[in-house]
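Structure assessment
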Amino acid sequence: MAKESTQYVCQGCGSASPRWLGRCPSCGGWNTLVEETVEKAPAKARERLGRGDAPGERGKPIAIDAVPEDGAARIPTGIAELDRVLGGGAVLGSVVLVGGDPGVGKSTLLLQALAGIAARGPSTLYASGEESVAQVALRARRLGVVGDGKALGEKLQIVGCSVIDEVERATRATKPVALVVDSVQVLRSNDLESAAGSVSQLREVTARLVELAKRERAAVFLVGHVTKDGALAGPKVLEHLVDVVLAFEGERGHAFRTLRAAKNRFGSATEVGVFEMSANGLAEVPNPSEIFLAERPAHAAGSVVAPVTPQTGGARAVLGEVQALVSIGGQGGVGRRVATGVDGTRLALILAVLERKVGVQLLGADVFANVAGGLSIDEPAIDLPLAIAVASAVRNRPCARNLVAFGEVGLAGEVRGVSRASTRLAEAASMGFSRAIAPRSTAERLSPSERSGVEVIPVRDVDEAVRIALEE
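Residues numbered from 1 in each chain as written. Predicted model: local features only at pLDDT ≥ 70, side-chain atom pairs only at ≥ 80, totals over all residues. Heavy atoms only, no water.

Turning to the sheet that holds strand E8 (residues 156-160), a few remarks are in order. Strands sit in the order E8-E7-E9-E10-E6-E11-E12-E13-E14 across an open sheet of nine strands; the sheet is mixed. Looking at strand neighbours, the two that pair on one side only are E8 and strand E14 (281-284), the edges of this open sheet. Each neighbouring strand pair of the sheet contributes to a mean axis angle of 25°, computed without reference to strand direction. Of the strand pairs in this sheet, strand E7 (residues 124-128) and strand E9 (residues 178-182) are connected by five bridges, and their pairing is parallel. By the bridge assignment, Leu125 is partnered in E9 with Leu179. Its contacts with the sheet place helix H3 (residues 106-118) against strand E6 (95-100), E7, E8, E9, strand E10 (219-224), strand E11 (244-249), strand E12 (256-264), strand E13 (272-278) and E14, and it is angled at close to 160° to E7. Running at roughly 165° to E7, helix H5 (residues 164-174) makes contact with E7, E8 and E9 of the sheet. (Pairing = 2+ DSSP bridges. Helix = DSSP H or I, 4+ residues; strand = E, 2+ residues; numbered from the N terminus. Axes fitted to C-alpha atoms, helices over the stretch in contact; angles between N-to-C directions. Contact = heavy atoms within 4.5 Å.)

Ser183 follows Asp182 through a cis peptide bond whose omega is 0°. Turning to its location among the elements, Ser183 is positioned in the loop between E9 and helix H6 (199-216). For Arg217, which is not glycine, the phi torsion reads 50° and is therefore positive. Inspection of the secondary structure assignment puts Arg217 in the loop between H6 and E10. By relative accessible area, Arg217 is classed as partly exposed at 36%. If you check the backbone angles, Arg420 has positive phi at about 55° while not being a glycine. Structurally, Arg420 can be placed in the loop between strand E21 (415-416) and helix H11 (421-430). (Buried < 20%, exposed > 50% of the residue type's maximum accessible area, 1.4 Å probe, protein only.)

As a further point, take the nonpolar core. The biggest cluster of nonpolar side chains holds 48 residues, and the ones touching the most others in it are Leu354, Leu384, Ile388, Val390, Ile437 and Val462. If you list the elements that add at least two residues to this core, you get strand E15 (303-308), strand E16 (318-328), helix H9 (344-358), strand E18 (365-371), helix H10 (383-395), strand E19 (403-405) and helix H13 (462-469). Among the elements that take part in this core, H10 stands out by supplying eight residues, more than any other. With sequence-adjacent residues up to four places away left out, Val390 is seen in contact with Ala324, Val326, Leu351, Leu354, Leu362 and Val367. Leu86, Val96, Ala219 and Val244 belong to the second-largest nonpolar core, a separate cluster that totals 37 residues. (Core = buried A, V, L, I, M, F, W, Y, C linked by side-chain atoms within 4.5 Å.)

Here the focus is H13. For H13, the set of buried residues is Val462, Glu464, Ala465, Val466 and Ala469. The distance from a side-chain oxygen at the start of H13 to the backbone nitrogen of Asp463 is 3.4 Å, and the residue carrying that oxygen is Asp461. In the stretch just after H13, Glu471 is the one whose phi turns positive, near 55°. (Polar contact = N/O pair within 3.5 Å; in protein donor to acceptor, adjacent residues only side chain to side chain.)

Let us now look at the pairing of E7. In terms of residue burial, E7 counts as a mostly covered element, since five of its five residues are buried. Of the two faces of E7, the one lined by Thr124, Tyr126 and Ser128 and the one lined by Leu125 and Ala127 are each fully buried.

A word on the layout of surface pockets. The computed volume of the largest pocket comes to approximately 700 Å³. What lines the largest pocket is a set of 38 residues, and nearest its centre among them are Gly230, Ala231, Ala247, Glu249 and Arg260. Each residue belonging to the lining of the largest pocket can be placed in one class, and the counts come to 15 nonpolar, 14 polar and nine charged. (1 Å grid on protein atoms, 1.4 Å probe; cavity = no way out; pocket = protein on both sides within 12 Å on 5 of 7 lines; lining within 4 Å. Points joined across faces, edges and corners; volume = space filled by probe spheres on them. Nonpolar A, V, L, I, M, F, W, Y, C, P; charged D, E, K, R; others polar.)

Among the structural elements, Arg424 can be located in helix H11. Owing to a relative accessible area of 1%, Arg424 belongs among the buried residues under this scheme. Of the polar contacts made by the side chain of Arg424, one reaches the backbone oxygen of Ser419; its length is 3.1 Å.

Turning to the pattern of salt bridges, a few remarks are in order. Applying the stated criterion to the full structure yields 18 salt bridges. For Arg84, the salt bridge is made with Glu271, and the minimal N-O distance between the two is 3.9 Å. Remark: Glu271 occurs in the loop between E12 and E13 and Arg84 occurs in helix H2 (residues 80-86); sequence separation between them is 187 residues. On the accessibility criterion, Arg84 (34% relative accessible area) is partly exposed. (Salt bridge = Lys/Arg side-chain N within 4 Å of Asp/Glu carboxyl O.)

This part is about the packing of aromatic side chains. Counted according to the given criterion, the structure contains two aromatic pairs. Centroid distance Phe248 to Phe275: 6.0 Å. Interplanar angle 85°. Geometry classified as edge-to-face. With Phe248 in strand E11 and Phe275 in strand E13, this pair connects stretches of sequence that are 27 residues apart. Both rings, one in Phe256 and one in Phe292, keep their centres 5.1 Å apart while their planes meet at 70°; by these two values the pair is edge-to-face. On the criterion of sequence distance, the pair formed by Phe256 in strand E12 and Phe292 in helix H8 (residues 288-292) is long-range, its members being 36 residues apart. What makes Phe292 buried here is its relative accessible area of 6%. (Phe/Tyr/Trp six-rings, centres within 6.5 Å; stacked < 30°, edge-to-face > 60°.)

Below, the structure written as structure tokens:
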């Protein structure tokens with residue numbers, strides 16, 4: 001007979017307390033402790049939560065060179081940008097958690113991925129807990145996944161369920177190679193009395209889905225909700241249980257979306273995929289630099305091209321246009337500082353360095369900074385192009401059309417080195433740029449082959465970089 005007890009569990013970090021507290025002692029969150037009934041399962045039931053690759057392999061040591069090479073076999077999804085971020089495709093037996101804001105396109109992306117897998121022959125399953133089967137089928141027809149001569153037959157099946165037992169039964173019946181659960185926050189286990197989405201439910205449901213993936217050797221994709229701060233909803237243990245954590249992001253009002261890996265046990269966690277939302281679903285953007293620079297004005301002051309990585313951690317370089325506009329009001333005081341796509345604190349730092357080290361007068365001026373195309377850049381390499389763009393706007397002198405710039409700016413006005421310089425130069429060369437302003441420390445480490453035919457101009461400080469960029 002299972003024993004029951006009551007405890008108060010923090011919905012933010014998952015820590016438990018025997019009594020209610022206004023503030024969680026672990027994460028410091030206010031009013032996050034919720035009363036939950038915890039049922040202590042018998043020993044045999046608890047063994048079910050193990051994470052062996054197969055039922056007969058648990059607890060049995062094996063020589064590492066005796067493990068078969070197909071232990072991490074991959075299946076392509078038919079979406080090159082998604083496969084790139086996953087490391088070459090979805091791994092059989094893995095669990096992938098995809099998080100993002102409401103309406104960003106998580107369900108659309110995974111439905112298109114299932115259709116791409118099913119088109120190659122294997123069976124797939126879409127388990128929907130938030131939408132009805134009819135709603136999912138309507139979206140599939142709108143996206144062109146079915147119809148117009150596309151006959152997937154029974155290779156792509158849909159099931160409506162909100163209980164983990166139903167998902168397990170449907171998976172055992174259909175034997176899919178890929179399973180999508182939309183979403184994990186609405187799924188619940190009847191073994192627990194707490195509401196769906198609570199910490200205990202998320203732990204139990206995710207653990208059973210992980211076991212299901214290992215036992216059935218299916219690639220499982222979980223759709224996860226995010227909080228208003230952009231973090232995945234639920235306890236941090238949710239991210240530890242899964243194999244891959246993907247963040248699907250996009251600015252509201254812009255068609256472009258970026259998919260990046262925050263965790264990947266089967267590949268690099270530094271890849272970034274770019275998509276464009278259209279009426280027919282998500283379309284891949286194999287060359288995002290070409291799109292972001294397509295409408296760049298010719299010979300415009302305050303415009304600089306920067307080879308950057310969208311969101312911190314991306315190994316893929318993208319050419320983005322950094323724009324600056326300076327309006328001299330002449331009323332004195334402190335002007336407005338507005339930043340879009342870059343950190344406002346970094347902008348304030350750059351403006352202070354320009355005033356003290358370069359002699360650019362910005363007192364009382366309104367400064368607006370923007371990264372065109374809806375890109376969001378938070379890496380240090382954006383500092384130097386941002387400084388050059390502001391100086392170009394103040395002095396009304398455009399930069400050369402064939403010039404790019406990248407580098408971190410310190411408080412003393414020095415230009416510091418950044419990583420992945422060869423990748424940035426290769427992307428610049430592919431788009432026809434022939435000159436690059438780079439930190440001296442970075443330029444000295446580059447071999448001729450890593451420069452990709454681009455003339456690298458080394459600089460030590462911001463003043464030197466501005467003079468070269470504006471040809472003063």
